[in-house]
Amino acid sequence: MKKFGYAILIMATWVTSCKLEKKELNKITHSDTDYFPREIVRFEPIDQNPIFEGTNTNSWDRNIRERGFILYDQGKYKMWYTGYNDSISDKRFLGLALSNDGIIWDRYQDGAILADEWVEDMFVLKHEGLYYMFAEGMNDVAKYLVSPDGITWTPKGKLTVLKTDGTPLDEGPYGTPTVWVENGEKYLFYERNDLGVWLAKSEDFITWTNVQDEPILQIGPGEYDEAAVAANQIVKYEDNYYMFYHGSNNPDWAKTGVTALWTSNVAMSKDLIHWVKYPDNPIVDGDHSSNIVVFNGKEYILYTTHDKVWRYDPIHSNSIE
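A brief report on the enclosed structure follows.

The rules behind the values
- Numbering of residues starts from 1 in each chain and follows the order in which that chain's sequence is written.
- Side-chain atom pairs in this predicted model are given and counted only at pLDDT of 80 or more, local residue features only at pLDDT of at least 70, and totals for whole chains, interfaces and linings cover all residues.
- Side-chain numbers come from the whole structure's heavy atoms, not from hydrogens or water.
- Whether two strands pair comes down to DSSP finding at least two bridges between them.
- Helix and strand assignments follow DSSP, with helices taken as H or I runs no shorter than four residues and strands as E runs no shorter than two, numbered in order from the N terminus.
- Classification of ring pairs rests on two measures: the distance between centres of Phe, Tyr or Trp rings, Trp counted by its six-membered ring, which must be within 6.5 Å, and the angle between planes, read as stacked under 30 degrees, edge-to-face over 60 and tilted in between.
- Burial classes: relative accessible area under 20% of the type maximum marks a residue as buried, over 50% as exposed, and values in between as partly exposed (1.4 Å probe, protein chains only).
- Each axis is a line fitted through C-alpha atoms, and for a helix only the stretch in contact is used; angles between axes span 0 to 180 degrees, taken between their N-to-C directions.

**As for the sheet that holds strand S5 (residues 106-107)**
And step 1. On the basis of which strands lie adjacent, the open sheet formed by four strands has the order S2-S3-S4-S5 and antiparallel pairing. Since the sheet does not close on itself, it has two edges, and those belong to strand S2 (63-73) and S5, each with one partner.
And step 2. Relative to S5, strand S4 (residues 89-99) runs antiparallel, the two being bridged by two bridges. Residue pairing for S5: leucine 98 is matched across the bridge by aspartate 106.

Put into structure tokens, the structure is as follows:
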């Protein structure tokens, strides 16, 4: 973990609506522990890492890739992941693994649980008794699927995303879909070529309209995410929202043969629109990204899910590292 000091800043007065203006958000520092509680930003890797990876055999999931997603559900940890083996197929397949403790995992079955559909970079939401999966299909275009049990999935088609004036997005990828539902409102966070995170709203999970046509999370100015950002998950902790996102400092990350460092990071918001990045990002060391947290009924566990799955347990000590 990075070292940090104890500079003291005086916060501006809260706006009447309890939503922070962007200029006020920029005044938040690590000394404002109310905004970045240690329970969701301070983690350490466990000795058993990596806890899950591709088989490294000639199976359909010889390799795995971003973004896997984990829920603690019905007393079990459930992991949906993307497996692939280019010597068999260029398709990206959906797999499922289960665990009693979140450390030791068993694949649900030998084969993919959805053999005919390209699925990668998925987000899973349990909502009103159904499982909703928002994922990328071929060419990084977002789509969604529905399941009664998290195993048998029915594809529902591509997501339609509109600009604020009702016109379609410009041609190109729109991926890493992340969804938040609260008080009947549905929110979609998505990226375009990882150059920022946009926010849209929907009434039906299918057609989404931008809240604004500019990103709500920009790249930079920190070196760790100055070239790319993408949201993985939104968590509400007390009265604040936290975006777990990954970033890179290499503008050539998408080029074939280029090795880029991808980091795991956190940002905070009061209204889902204005965000401030945690001053001590990245929250874990090394090339570990596609970060999500799982609440197991007692505490938050952090996982990074590309291209091997690592687990990080919360640091309970009050000591400063």
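**Brief notes about the packing of aromatic side chains**
And step 1. Considering all chains together, one arrives at 22 aromatic pairs under this definition.
And step 2. Aromatic pair phenylalanine 36 and tyrosine 278: ring centres 5.0 Å apart, planes at 40°, arrangement tilted. Within this pair, whereas phenylalanine 36 is found in the loop between helix H1 (22-25) and strand S1 (43-45), its partner tyrosine 278 is found in the loop between strand S19 (275-277) and strand S20 (289-295), the two being separated by 242 residues in sequence. Comparing phenylalanine 36 with tyrosine 278, the two get one shared label, buried.

**Section: the sheet that holds S20**
And step 1. Judged by pairing direction, the sheet is antiparallel, and its four strands sit side by side in the order S1-S22-S21-S20 without closing on themselves. If you trace the sheet from one side to the other, it starts and ends with S1 and S20, each paired once. Averaged over all pairs of adjacent strands, the angle between their axes in this sheet comes to 30°, without regard to strand direction.
And step 2. Sheet topology note: the strand S21 (residues 300-306)/strand S22 (residues 309-314) ladder contains four bridges and is antiparallel. Across the sheet, the residue bridging to tyrosine 303 is arginine 311, located in S22.

That is the geometry; function is a separate question.
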